[in-house]
Amino acid sequence: MKGSGRWHAEQAWLGHRAENVLIEVRDGRIEAIEEGTPAPTDAIALKGWTIPGLANAHSHAFQRLLRGEIESGGGDFWEWRAQMYRFTEWDPADYFKHARLVFREMLEAGITAAGEFHYLHKHGNQLGEALIDAAREEGIRLTLIDACYLRGGLDGGPLEAEQLTFSDGDADGWARRMDQLRDTDGLRLAAAIHSVRAVDSESMRVVATYARDRRMPLHVHLAEQLAEVEECLAVEGCTPAELLDREGILGPDLTAVHAIHVSEHDIALLGENQVSVCACPTTERDLGDRVGPLIALAEAGCGLCVGSDSNAVIDVIEEARALELDQRRATGRRVLHQPEDLLRAATAGGMQSLGWDAGELRQGMLADFVTLDQPDSLWRELSPSYIVYGFSACDVVNVVVGGVTVVQK
Ligand SMILES: [Zn+2]
């Protein structure tokens, strides 16, 4: 991901709408960017809207297999989870092939960095390495968010049969396995506390310390379902966010995924600690999750990002749009978030959560950019909010990751 070259964008989002933008890239980074410049003959022309690379801050690649498979019958989140566990057994070679298809679909959707929240540890690091190899093969940035997963519930109950292979036995076992992995070009390691359900207090401190000693991003599933909050209140006498606060886990390096069932006190804690919140609206819809108070979290100080999570849908623009639109139905209000803030969640917000110096088109940043276009050029006169409200993954026509073209339609 250390390409060089010159691209000329008809229109680009530089935090404002810019025309005739020349992007000069050297060794994978933006060396210079200038608007209002005629196209040099040696520059690659980008027709349409060019925006920073999209970041998918939360994915479980294996769950892509569930798409369309669990849409008959009935049930709730927990019944979905039982079905999902049928898809957790993988041979490493098969997982490599599967992950390549998922990452290719992400690239075609304009995603230049994926965050794989990974807890399939039956073969030690082999399935994690399959993800790493697949990402390298396809040319997408990968943040491997390796999750510590140790118990079946907050009451300390044992792991269910299907969960046994997720566990490293204890947090030190998780850390020893992590020690065998290394950052490389295009790969960043990150740590995760799977959830307050799956990791006890002492172990969460081990994971957080491990991540902070190495300046790794830290992620956690938080309050997706009310049952987790109720269990936490019953066992710990506090909410999951309060428990994370009590254990010193909250901080600007933490991404809390979902954060749906959060109290006013939780919102204040997450905001004052500048925790990033990752919304996964297409999955949350699919699973019958409620709608989180994302505008309150943002106003309290949380950065926002988005993820495709179960990969029932792979379209980060749709995630950004849904972040707003789902709240409209839940609150009866419109335009809680400004379009540029939604675009930021899909780009810079996610890149920050995944530990990448990308998500903005400016000098010095990693050279990830995506071009969107539609056959009917009428949209060109519309406002930049059209990027979020008018485009979808299918409108991606060109993708550059680190100065290397990986999608060209
Ligand atoms: Zn998840």
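Structural data are supplied above this passage.
Residues numbered from 1 in each chain as written. Predicted model: local features only at pLDDT ≥ 70, side-chain atom pairs only at ≥ 80, totals over all residues. Heavy atoms only, no water.

Novice: Help me understand the sheet that holds strand 12 (residues 304–306) in this model?
Specialist: The pairing of strands in a sheet comes from backbone hydrogen bonds and takes either a parallel or an antiparallel form. A sheet is described by the order of its strands in space; here 8 strands give the open sequence 5-6-7-8-9-10-11-12, paired in parallel fashion. A strand with exactly one partner marks an edge of an open sheet, and here the two such strands are strand 5 (54–59) and strand 12. Taking each pair of neighbouring strands and ignoring which way they run, the sheet shows an average axis angle of 25 degrees. In this structure, strand 7 (residues 141–148) lies alongside strand 8 (residues 187–193), joined through 7 bridges in parallel fashion. Paired with T143 across the strands is R188, a residue of strand 8. Its contacts with the sheet place helix 2 (residues 92–108) against strand 5, strand 6 (111–118) and strand 7, and it is angled at close to 140 degrees to strand 6. Running over the sheet, helix 3 (residues 126–138) touches strand 6, strand 7 and strand 8 and is turned about 170 degrees from strand 7. (Pairing = 2+ DSSP bridges. Helix = DSSP H or I, 4+ residues; strand = E, 2+ residues; numbered from the N terminus. Axes fitted to C-alpha atoms, helices over the stretch in contact; angles between N-to-C directions. Contact = heavy atoms within 4.5 Å.)

Novice: Is there a simple way to explain the environment of C302 in this structure?
Specialist: Here C302 is to be found in the loop between helix 10 (294–300) and strand 12. When its relative accessible area of 6% is taken as the criterion, C302 is described as buried. Between the C-alpha atoms of C302 and P252, which are 50 residues apart in sequence, the distance is 8.7 Å. Once residues lying within four places of it in the same chain are set aside, the contact partners of C302 are L270, G271, V275, V277 and L297. (Buried < 20%, exposed > 50% of the residue type's maximum accessible area, 1.4 Å probe, protein only.)

Novice: Even after reading the chapter, I still don't get the coordination of the zinc ion, so can you show me in this structure?
Specialist: Octahedral metal centres with six donors ideally show angles of 90 or 180 degrees, and tetrahedral centres with four donors ideally show 109.5 degrees. Within the first shell, the zinc ion binds the protein through H58 (NE2), H60 (NE2) and H221 (NE2), at distances of 2.0 to 2.2 Å. Each donor residue of the zinc ion belongs to the same chain, and together they define the spacing H-x1-H-x160-H. Pair check on accessibility: H58 and H60 agree, each one buried. (Donors = N, O, S within 2.8 Å, 3.2 Å for Na, K, Ca; no water.)

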